Amino acid sequence: LTRDDDACRIGDQIYAALSRIGLRASVGMARGKFTAHAAAQHTVGVTLISRGEDAAFLDPLPVGLLGLVRETARKLDLLGIRTLGQFAALPRSAVSAQFGRKGRLWHLLATGKDTRPVVPFRMPEFERAGIDFDGAVEDLVVIDHALNQLALSLVQRLESRSSAAHEVALTLHFERGATRTERIQRVQPFAD
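It should be emphasised that the depicted structure is a prediction, and the values quoted were computed from it without experimental measurement.

## Focus on a nonpolar patch on the surface
Among the surface-exposed residues, L147, L170, L172 and F174 lie close enough to one another that they form a single nonpolar patch of about 330 Å² accessible area. Residue L170 is classed as partly exposed on the basis of its relative accessible area, which comes to 34%.

Put into structure tokens, the structure is as follows:
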């Protein structure tokens, strides 16, 4: 097996795992982050851009992939620069003079030369929510309502960052100082 075969196998596994949980996915793989992102944005399924094919793949794609500010996008449009290939064909010195440091980065990205390291995203280890009652609560309807509100709040926070939980813990603090904790743990994460 080649590295490309290994990459395709991993991409297929990611795609299948996301499909199993009902998510539509596009997986882009390349030597650089920008090319991989472009492949995921502009193809369907699993796409591998092999070494040395970055510039050719990026060539027809829209220059807007560079994340340009509106004024820069307008300038390029007035100049007839609409694709990454057209942008990459500009002299690097001219791009640098016109757009500065960001322009140099955009030019490198448009040519498929992205050497920025991948920085792993660290999820927070836990989410916490709580509720305090004034005095003792004896009505189970009140407790049930409070638990539903806490669960809804946690679900919304998980959804806002596309996350799921492996464990949910409920800790009760009783009026006389005692506590009790119950945990639900799952191998398959859940978000509802």
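On we go.
## Some words on helix α6 (residues 92–110)
In this model, α6 (19 residues) spans only 11 Å end to end at C-alpha, well below the 27 Å of a helix rising 1.5 Å per residue. At F99, α6 is bent by approximately 140°, the largest bend along its length. All buried positions along α6 are accounted for by V95, S96, F99, G103, W106, H107, L109 and A110. Where α6 terminates, the next one or two residues include G112, which has phi positive at roughly 85°.

## Comments concerning the nonpolar core
In terms of nonpolar packing, the biggest core is built from 21 residues, with L66, L84 and F87 touching the most fellow members. Mapped by element, the contributors of at least two residues to this core are α2 (33–42), α3 (54–58), α5 (84–89) and α6. For L66, the residues in contact, after removing those within four places along its chain, are F34, L84, F87, W106, L109 and A110.

## Side note on the pattern of salt bridges
Oppositely charged side chains can pair when the atoms bearing their charge come close. Counting across every chain of the model gives 6 salt bridges. Notably, a salt bridge pairs D114 with R116, separated by 2.8 Å at the nearest N-O pair. With a relative accessible area of 7%, D114 lands in the buried category. A salt bridge links E167 to R183, with the shortest nitrogen-to-oxygen separation between them at 3.4 Å. In this pair, E167 is assigned in strand β3 (residues 165–173) and R183 in strand β4 (residues 179–190), connecting sequence segments 16 residues apart. Residue classification places E167 among the partly exposed residues on the basis of a relative accessible area of 35%. R183 gets classed as exposed once you look at its relative accessible area, which sits at 52%.

Cut-off values and rules
- Residues numbered from 1 in each chain as written.
- Predicted model: local features only at pLDDT ≥ 70, side-chain atom pairs only at ≥ 80, totals over all residues.
- Heavy atoms only, no water.
- Patch = residues over 30% accessible without salt bridge, like charges linked within 9 Å, V, L, I, M, F, W, Y side chains within 5 Å.
- Areas by Shrake-Rupley, 256 points an atom, 1.4 Å probe, with all protein chains shown as cover.
- Salt bridge = Lys/Arg side-chain N within 4 Å of Asp/Glu carboxyl O.
- Buried < 20%, exposed > 50% of the residue type's maximum accessible area, 1.4 Å probe, protein only.
- Helix = DSSP H or I, 4+ residues; strand = E, 2+ residues; numbered from the N terminus.
- Expected span 1.5 Å × (residues − 1).
- Bend = angle between axes of the 7 residues up to and from the residue.
- Core = buried A, V, L, I, M, F, W, Y, C linked by side-chain atoms within 4.5 Å.
- Contact = heavy atoms within 4.5 Å.

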